[in-house]
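Observations on the model geometry
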Amino acid sequence: MRKVWNVFMLLPVLFLMVGSLLSSPLEAFASEKSSQAAETELRVMTFNLRYLNDSDPSPHTWEERRPTVRQVIRKEQPDIIGTQEAVYQQVRQVGTDLSNYKWIGLGREGGSKGEFMAVYYNENRFTPLEYDHYWLSDTPHIVGSTSWGNTIPRMVTWVKFHDTKTDQSFYFVNTHFDHISEEAREKSAALINEKVKEFGSELPVILTGDFNASPDSKPHEILTKEGPFVDTWTAADIRINEHLGTFNGFNDPTGGGPDKRIDWILSTENVTTQSTEIVNYRKNGQYPSDHYPVISDLTLQY
């Protein structure tokens, strides 16, 4: 004899099944959101490494400086580093010297040619989701393009990172402005402002670089007053080595003084700065580079 189910007995079961199906995506979404931290602590360095050449006298040749560069980076333990000027050989060697770091970069003349705006990151914590490069010119997507009076190609490398520690993401942008043309520096700053808008995101953005401009310059104003950025030096709760600039030229312990603070770490306003330091590390009188690195301890807010 076939058993017949009472439809009213089945209704609670059906409602339970439907409710389970409807709630599963919501629960998954809630679980995903709960895994994301509201803040991300980040230690960032910008470092012009001085390009490889045959004219720097001892003890400032690259081969002599290379161990000192390694030592200062290991001492400071940044999570992410934006470097400028290094050519392919240097970029590879620094990558070899730094365990647990990987790097992203492209030569400013394409491929491995020319100086890199390399980005080094702790591979145990960060995963690059997207990255790209553009040139500081009227034709930013043409490799090696120049405009505005700069004869040397200048460029930007940017990366969107995912932080596996906090399950949050952010953008990191690294650049090197022209050393001769003021017009190029000003228009480069304006172009970066426009390009950051293209991210189309409320995520935090960190901008590092050698800007070849003082903190009271027009390029700084374009980025921090007309653009979305804050200078982490002025925003920091603690500033270390306020009396220094960042261009030491291998012979000036003062780094040229505060008016020569040409290497900056900037951020969008959803980032707070605990401390920023001009790192005047030397080893037996030897400078790691003709620029002092700058390091900031940041909190990214979501």
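Look up a bit, the structure's there.
Because the structure is predicted, anything quoted here is derived from the model rather than measured.

1. Description of the pairing of strand β12 (residues 271-278)
Burial analysis of β12 places six of its eight residues in the buried class, the great majority of the element. With three bridges joining them, strand β10 (residues 238-240) and β12 adopt parallel strand pairing. Along β12, the bridge assignment pairs I238 with S275.

2. Quick notes on the pairing of strand β1 (residues 39-48)
Counting buried positions along β1 yields eight of 10 residues, so the element is predominantly enclosed. Pairing between β1 and strand β13 (residues 294-301): eight bridges, direction antiparallel. The residue of β13 that forms the bridge with E41 is T299. The pairing of β1 with strand β2 (residues 80-84) spans five bridges and is classified as parallel. Residue N48 lies in a different strand from β2, and its bridge partner there is Q84. Each parallel crossover has a hand, and for β1 linked through helix α2 (residues 62-76) to β2 it is right-handed.

3. Focus on the sheet that holds strand β3 (residues 101-104)
Within the open sheet, the seven strands sit side by side as β3-β4-β2-β1-β13-β12-β10. Their pairing is mixed. Each edge of the open sheet carries a strand with a single partner, namely β3 and β10. Going from strand to strand, the sheet's axes swing by 20° on average, the running direction of each strand aside. Taken together, the four bridges between β3 and strand β4 (residues 119-122) define a ladder with antiparallel strand orientation. Bridge assignment links K102 to a residue of β4, and that residue is Y121. Across the sheet, α2 touches β1, β2, β12 and β13, and the angle it forms with β1 is around 165°. Relative to the sheet, helix α3 (residues 88-97) contacts β3 and β4, its axis offset from that of β3 by approximately 155°.

4. Remarks on the nonpolar core
Counting 24 residues, the largest nonpolar core has L136, I192, L207, L223 and F229 as its most contacted members. Elements with a minimum of two residues in this core: β6 (155-163), β7 (168-176), α4 (182-197), β8 (205-210), α5 (218-226) and β11 (263-268). For this core, the leading source of residues is α4, giving five residues. The residues contacting L207, other than those within four sequence positions of it, are V173, T175, I192, L223, F229, W264, I265 and L266. Judged by nonpolar contacts, the second largest core, of 23 residues, contains V159, L244, I265 and L298.

5. Focus on the sheet that holds strand β5 (residues 126-135)
Pairing in this open sheet of six strands is mixed, and the strands run β5-β6-β7-β8-β11-β9 from one edge to the other. Taken across any chain shown, the strands that pair with only one partner, and hence form the sheet edges, are β5 and β9 (229-231). Each neighbouring strand pair of the sheet contributes to a mean axis angle of 20°, computed without reference to strand direction. Taken together, the three bridges between β9 and β11 define a ladder with antiparallel strand orientation. Bridge assignment links V230 to a residue of β11, and that residue is S267. Most of the contacts of α5 go to β9, to which it runs at about 125°, and overall it touches β8, β9 and β11.

About the cut-offs
- Residues numbered from 1 in each chain as written.
- Predicted model: local features only at pLDDT ≥ 70, side-chain atom pairs only at ≥ 80, totals over all residues.
- Heavy atoms only, no water.
- Buried < 20%, exposed > 50% of the residue type's maximum accessible area, 1.4 Å probe, protein only.
- Helix = DSSP H or I, 4+ residues; strand = E, 2+ residues; numbered from the N terminus.
- Pairing = 2+ DSSP bridges.
- Right-handed = clockwise from strand over helix to strand, strands pointing away.
- Axes fitted to C-alpha atoms, helices over the stretch in contact; angles between N-to-C directions.
- Contact = heavy atoms within 4.5 Å.
- Core = buried A, V, L, I, M, F, W, Y, C linked by side-chain atoms within 4.5 Å.

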